[in-house]
Amino acid sequence: SYKFWATQPVPQFGEEKPVIFEEGPLKIQKVEDISDEPIPLNLAPFRWVTMDLTDEKQMQEVEKLLYGHFVEDDEAMFRFKYSTSILKWSLMSPGWRKEWHVGIRSGDTLCAFIAAVPTEIRVRDKVIQGSEVNFLCIHKKLRGKRLAPVLIKEITRRINREGIWQAIYTGGIVLPRPVSTCRYYHRALNWQKLYEVGFSPCPSNSKPAFQVRKYALPEQTSTKGLRELQVKDLDAVHSLLERYLKRFDLTPVFNREETEHWLLHKKDSYAEQVVYSYIVEDASGKITDFFSFYLLESTVIRHPKHNAIRAAYMFYYATETAFTEPVNKDALQKRLNDLMADALILAKRHNFDVFNALSLMDNALFLEKQKFGPGDGQLHYYLFNYKANPIHGGVDKK
Ligand code: YNC
Ligand code: MG
């Protein structure tokens, strides 16, 4: 009953086979066979536009559309609030193309959007020149009109015109067919506020004062040699991250420039700090660990006291402890817990209300101990035009 997705080069439900199959593209095409005309928009008064996000006014139009109409939770209590800073960070990463920031206007009003950036994706041993698609958004008054398939087909066309045939994307809804599924975990930093906005319930056997104490954190971090990431650390961090990501089956492949873009905060480029990265430098000056998180607010819909929740999302991290021979899982678990305890303290210091993480990478080794609790939300990972065996999140393949 997926009328649109049944026509697309994605694995369909019911095709599961218990055997392990050869992984690769589902459909092979040539650039010259891809139309250079936009997908027809047979719905007056709509027209295609390419958004120029270097133009502050157009960037603000995208921000405004998402502010009112992007992803909400099931009970419509919270909605993602992407600032222009986080949009710039997400959509103007190395290799970005203006043509992949696609809008639909009705008259002068931006009423739908979809975007992509290029990225190398590694699936097990194969590296794909791909794209990452996000920010699919249609104005609430235009829902249910089959505009989403048109937006998806148009961005596919624009990506294909560049000789790129694969994409990765995520979503809270089930579509044909997830390659992996993760659960969201949440760790309260400001429990009282999360309680007031209805995010954190008070367990029936507890009291608010007890919950506040349960989530209290020390003022000071404890890892020796921990400090903010600086430009001079980037080669070391790039190498450490590259080696660490090899432990997992589905990851991006970052070059040095991308590592810099995704991890290093640049004061002069962003109105507001988006990414927070910290490294550990040992006595000999060697960088042994790093972790990072980014800021994404959520609007609290219709609340008398609070407008927004400041959420920290766990981003990339790595530690040399993973590479000791012989492999010592207890040491890895201990080190990750020490690092993440400090990440919580730093996020609290920067006035975050909650720390979110997914059940992926090595997160299973610290989530419970650091008092993260499972949320209602799932995040499904999808690959477009690529057949891959299921990938189990949170499993260290070694
Ligand atoms: C979704 N999230 O199933 P079927 S995540 C993909 N991703 O098709 P209509 C989706 N498809 O079932 P509406 C989808 N949500 O008939 C719905 N669909 O096959 C499918 N929400 O279209 C749906 N943003 O226009 C159905 O639906 C068809 O008016 C129905 O619009 C949907 O960004 C939407 O959650 C989501 O703004 C735009 O509800 C709207 O309801 C909305 O009648 C709030 O559409 C915001 C929201 C989604 C966030 C995200 C990732 C997007 C990935 C898109 C797929 C990319 C594929 C790769 C392309 C590049 C390929 C290369 C190379
Ligand atoms: Mg629609």
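Calculation notes
Residues numbered from 1 in each chain as written. Chains lettered and ligands numbered in written order. Predicted model: local features only at pLDDT ≥ 70, side-chain atom pairs only at ≥ 80, totals over all residues. Heavy atoms only, no water. Domains from an automatic or database assignment. Buried area = accessible area lost by both parts, 1.4 Å probe. Salt bridge = Lys/Arg side-chain N within 4 Å of Asp/Glu carboxyl O. Polar contact = N/O pair within 3.5 Å; in protein donor to acceptor, adjacent residues only side chain to side chain. Helix = DSSP H or I, 4+ residues; strand = E, 2+ residues; numbered from the N terminus. Nonpolar A, V, L, I, M, F, W, Y, C, P; charged D, E, K, R; others polar. Near = heavy atom within 4 Å. Areas by Shrake-Rupley, 256 points an atom, 1.4 Å probe, with all protein chains shown as cover. Donors = N, O, S within 2.8 Å, 3.2 Å for Na, K, Ca; no water. Buried < 20%, exposed > 50% of the residue type's maximum accessible area, 1.4 Å probe, protein only. Axes fitted to C-alpha atoms, helices over the stretch in contact; angles between N-to-C directions. Parallel < 35°, antiparallel > 145°, perpendicular 65-115°, else oblique. Contact = heavy atoms within 4.5 Å. Core = buried A, V, L, I, M, F, W, Y, C linked by side-chain atoms within 4.5 Å. Phe/Tyr/Trp six-rings, centres within 6.5 Å; stacked < 30°, edge-to-face > 60°. Lys NZ or Arg CZ within 6 Å of the ring centre and 35° of its normal. Expected span 1.5 Å × (residues − 1). Disulfide = S-S within 2.5 Å.

For the rest of this paragraph, the subject is the domain arrangement of the chain. On domain assignment, one finds that the chain holds domain 1 (5-171) and domain 2 (181-384). Counting the surface domain 1 buries against domain 2, the share from its top three residues, Phe78, Trp89 and Arg122, is 24%. The tally of links between domain 1 and domain 2 comes to two salt bridges. Here domain 1 and domain 2 share 16 residue pairs in polar contact (both at pLDDT 80 or more) between them. Secondary-structure elements contributing two or more residues to the side of domain 1 that touches domain 2 are strand S2 (78-81), helix H2 (84-91), strand S4 (109-123) and strand S6 (166-171). In terms of residue count, S6 provides more of the side of domain 1 that touches domain 2 than any other element does, six residues in total. Residue composition of the side of domain 1 that touches domain 2, grouped by class: 20 nonpolar, 10 polar and seven charged.

Here we come to the site of ligand 1. In the vicinity of ligand 1, 33 residues are found, and the nearest of them are Trp5, Leu136, Gly144, Arg146 and Ala148. At a separation of 2.8 Å, an oxygen atom of ligand 1 approaches a polar backbone atom of Phe4. The contact in question runs from an oxygen atom of ligand 1 to an N or O atom on the backbone of Phe135, over 3.2 Å. Relative to its free-state accessible area of 1200 Å², ligand 1 is covered by the protein chains to the extent of 87%. Among the secondary structure elements, those contributing two or more residues to the shell around ligand 1 are strand S5 (126-138), helix H3 (147-160) and S6. Take the shell around ligand 1: its biggest share by element is seven residues, from H3. Counted by class, the shell around ligand 1 contains 22 nonpolar, seven polar and four charged residues.

Turning to the coordination of the magnesium ion (ligand 2), a few remarks are in order. Leu142 (O) and Lys145 (N) make up the full set of protein donors to the magnesium ion (ligand 2), lying at 2.8 Å. Note on Lys145: relative accessible area 44%, which makes it partly exposed.

Look at helix H1 (residues 56-69) against H2: their axes get within 10 Å of each other, and the N-to-C directions meet at 105 degrees. Taken as axis vectors, H1 and H2 run roughly perpendicular relative to one another. Here Met59, Gln60, Val62, Glu63 and Leu66 of H1 come into contact with H2, specifically with Thr84, Leu87 and Lys88.

Residues Phe291, Phe293 and Phe355 are the most contacted members of the largest nonpolar core, which totals 99 residues. Of the domains in this structure, domain 1 (5-171) and domain 2 (181-384) are the two that each give at least three residues to this core. Counting residues in each nonpolar core, the second largest holds 28 residues, with Ile104, Ile114, Ala116 and Val133 among its members.

Applying the stated criterion across every chain, the model contains 30 aromatic pairs. Between Phe254 and Tyr316, the ring centres sit 5.4 Å apart and the planes meet at 85 degrees, which makes this aromatic pair edge-to-face. Pair noted here: Phe254 is in the loop between strand S9 (250-253) and helix H7 (256-263) and Tyr316 is in strand S12 (residues 308-319), with a separation of 62 residues, a long-range link. Seen from their ring centres, Tyr278 and Phe293 are 6.2 Å apart, and the 25 degrees between their planes marks the pair as stacked. With a gap of 15 residues between them, Tyr278 in strand S10 (residues 275-281) and Phe293 in strand S11 (residues 287-300) connect regions that are remote in the sequence. Its relative accessible area of 5% is what places Tyr278 among the buried residues. One aromatic cluster is present, formed by Tyr244, Phe248, Tyr276, Tyr278, Phe291, Phe293, Tyr317, Phe323, Phe352, Phe355, Phe366 and Phe372 through successive ring pairs. Directly above the aromatic system of Phe352 lies the positively charged group of Arg310, at a separation of 4.7 Å from the ring centroid. Against the face of Phe21 rests Lys387, its NZ or CZ located 4.5 Å from the ring centre.

Let's shift gears to helix H6 (residues 234-245). For H6, which comprises 12 residues, the first-to-last C-alpha distance of 16 Å matches the rise-based estimate of 16 Å (1.5 Å per residue) to within 8%. Those residues of H6 that fall on the buried side of the exposure criterion are Leu234, Val237, His238, Leu240, Leu241, Tyr244 and Leu245.

The term disulfide refers to a covalent linkage connecting the sulfur atoms of a pair of cysteines. In total, this model carries zero disulfides according to the counting rule given. For Cys111, which is in no disulfide, the shortest distance to another cysteine sulfur is to Cys137 and amounts to 10 Å. Given the relative accessible area of 5%, Cys111 is considered buried.

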